[in-house]
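# Coordinate analysis (summary)
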Amino acid sequence: MSFYLVCGQAVAAPPATAPEHLPTARPRRYPSDTTDTEWQLIAAYLPTGGTGNRGGRPVTYPRRDIVDAIRYLDHNSCVWRALPVDFPPWPTVYHYFRTWTRDGTLTRPHNGLREQVRTAEGRNTTPSAAIMDSQSVRAADTVARTSCGYDAGKKINGRKRHIVVDTTGLLLVILVTTGAVQDRHAARLLLWALHGCFTRVARVWADAGYAGQLVDWAAGTLGLTVQIVRKLADQVGFQVLHRRWVVERVRREALIDRVEVRDLRRRAVAAVR
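Residues numbered from 1 in each chain as written. Predicted model: local features only at pLDDT ≥ 70, side-chain atom pairs only at ≥ 80, totals over all residues. Heavy atoms only, no water.

## With respect to the environment of Gly209
If you trace the backbone, Gly209 turns up in the loop between strand S6 (203-206) and helix H6 (213-222). For Gly209, a relative accessible area of 35% corresponds to the partly exposed category. Sequence separation between Gly209 and Ser134 is 75 residues; the distance between their C-alpha atoms is 9.6 Å. Contacts of Gly209, omitting those with residues within four sequence positions, involve Asp183 and Arg184. (Helix = DSSP H or I, 4+ residues; strand = E, 2+ residues; numbered from the N terminus. Buried < 20%, exposed > 50% of the residue type's maximum accessible area, 1.4 Å probe, protein only. Contact = heavy atoms within 4.5 Å.)

What follows is the structure, given as structure tokens:
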């Protein structure tokens, strides 16, 4: 059984002025490249010296080029060695990606932009309610068997993505497990992470797959109210259900991370303008 957990946390607002980064002369030619407005939003969350916040060797490649290279790879789903030559060398880009993933640098912009979006919509920076759901995804033949499992209910051999979103549909917690893990079992770890990172959340809506002992466990252990939203008595096919439609909208997209981050970035840019 394999677990991969990514949990967003509330972060302090960035400084009013973005730190000085090494300027870039690379033309913006790809759809995944940052616009000037997007870069102004992202730059405040990135360290200016060395690989991380503790300094290091002088910066050789502009941070914006590193970010655009990572976005290019994510957007086109290519291998590291297939990065175009106008980006920094792929080992350098991979080094920054690995380091920033480990120290939380890549998580901070997402969390900060989510807070800006919520503020622009007249909400508290941190949510008080959330919705959770899961989605089984078939794994490619190249994926190791140790990280895959068979979901008997969906008849899918692969992995399962468990997500928690706020009431506007912005991601709070992501948990990836093998397909064989039951929703109610993964939900305990999911709710633990949610409770630890977002202490204001008091209510979570979910579908009938989470009913049973999980409801009592969440109330007794974490103080969370898990409210089950069941299908309508005469429901045939997909229908919009109270609260659940928010997470369904996110879950039904083919690529949760790209769609959500793209929407988050778009809304943050609109708020700045």
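## Overview of a nonpolar patch on the surface
Taken together, the side chains of Tyr94, Phe97 and Leu106 make up a nonpolar region of the molecular surface, amounting to roughly 220 Å² of accessible area. Considering the arrangement of structural elements, one finds Phe97 in helix H3 (residues 90-103). Residue classification places Phe97 among the partly exposed residues on the basis of a relative accessible area of 30%. (Patch = residues over 30% accessible without salt bridge, like charges linked within 9 Å, V, L, I, M, F, W, Y side chains within 5 Å. Areas by Shrake-Rupley, 256 points an atom, 1.4 Å probe, with all protein chains shown as cover. Salt bridge = Lys/Arg side-chain N within 4 Å of Asp/Glu carboxyl O.)

## Considerations on the pairing of strand S7 (residues 225-228)
The side chains of a regular strand alternate between both faces of the sheet. Across four bridges, the pairing between S6 and S7 is parallel. Counterpart to Ala206 in the pairing with S7 is Ile228. In this fold, the crossover linking S6 to S7 by way of H6 has right-handed handedness. (Pairing = 2+ DSSP bridges. Right-handed = clockwise from strand over helix to strand, strands pointing away.)

## Structural notes on the packing of helix H5 (residues 183-197) against H6
Two numbers describe how H5 lies on H6: the axes approach to 11 Å, and their chain directions differ by 25 degrees. As the angle between them shows, H5 and H6 are arranged roughly parallel. Judged by the twist between their axes, the crossing of H5 over H6 is right-handed. Touching Arg184, Ala187, Arg188, Leu191, Trp192 and His195 of H5 are Gln213, Leu214, Trp217, Ala218, Thr221 and Leu222, all from H6. (Axes fitted to C-alpha atoms, helices over the stretch in contact; angles between N-to-C directions. Parallel < 35°, antiparallel > 145°, perpendicular 65-115°, else oblique. Left-handed = near helix turned anticlockwise from the far one by under 90°.)

## What about unusual backbone geometry?
The phi dihedral of Ser77 is positive, around 55 degrees, even though this residue is not glycine. Take Ser77: it is sitting in the loop between helix H2 (63-76) and H3. Of the residues examined, Ser77 reaches a relative accessible area of 52% and is grouped as exposed. Its identity is not glycine, yet Lys155 carries a phi of approximately 55 degrees, on the positive side.

## A look at helix H4 (residues 107-120)
If you check H4, its first and last C-alpha atoms are 20 Å apart, about what 14 residues at 1.5 Å a residue would give, namely 20 Å. Among the residues of H4, those classed as buried are Pro109, His110, Asn111, Gly112, Leu113, Arg114, Glu115, Val117 and Arg118. Once H4 finishes, Gly122 follows within two positions and takes phi at roughly 80 degrees, a positive value. (Expected span 1.5 Å × (residues − 1).)

## Some remarks on the pattern of salt bridges
Tallied over the full model, the rule gives 13 salt bridges. Between Asp68 and Arg26 there is a salt bridge, with its nearest N and O atoms 3.1 Å apart. Pair noted here: Asp68 is in helix H2 and Arg26 is in the loop between strand S1 (3-7) and helix H1 (36-43), with a separation of 42 residues, a long-range link. As far as the burial class goes, Asp68 and Arg26 line up, both buried. Between Lys160 and Asp183 there is a salt bridge, and its shortest N-O distance comes to 3.2 Å. With Lys160 in strand S4 (residues 156-166) and Asp183 in helix H5, this pair connects stretches of sequence that are 23 residues apart. Overall, the relative accessible area of 16% leaves Asp183 in the buried class. Salt bridges sharing partners connect three or more residues here, namely Arg26, Arg28, Arg29, Asp33, Asp65, Asp68 and Asp86.

## Thoughts on the confidence of the model for the chain
Scored by pLDDT, the chain has a mean of 80; 74% of the residues are at 70 or more. Per-element confidence in the chain ranges from a low mean pLDDT of 52 for helix H8 (residues 256-272) to a high of 94 for H6. Residue range residues 254-261 is modelled with pLDDT below 50. Its contacts to residues more than four positions away, or to other chains, number 17 contacts. (pLDDT = per-residue confidence, 0-100.)

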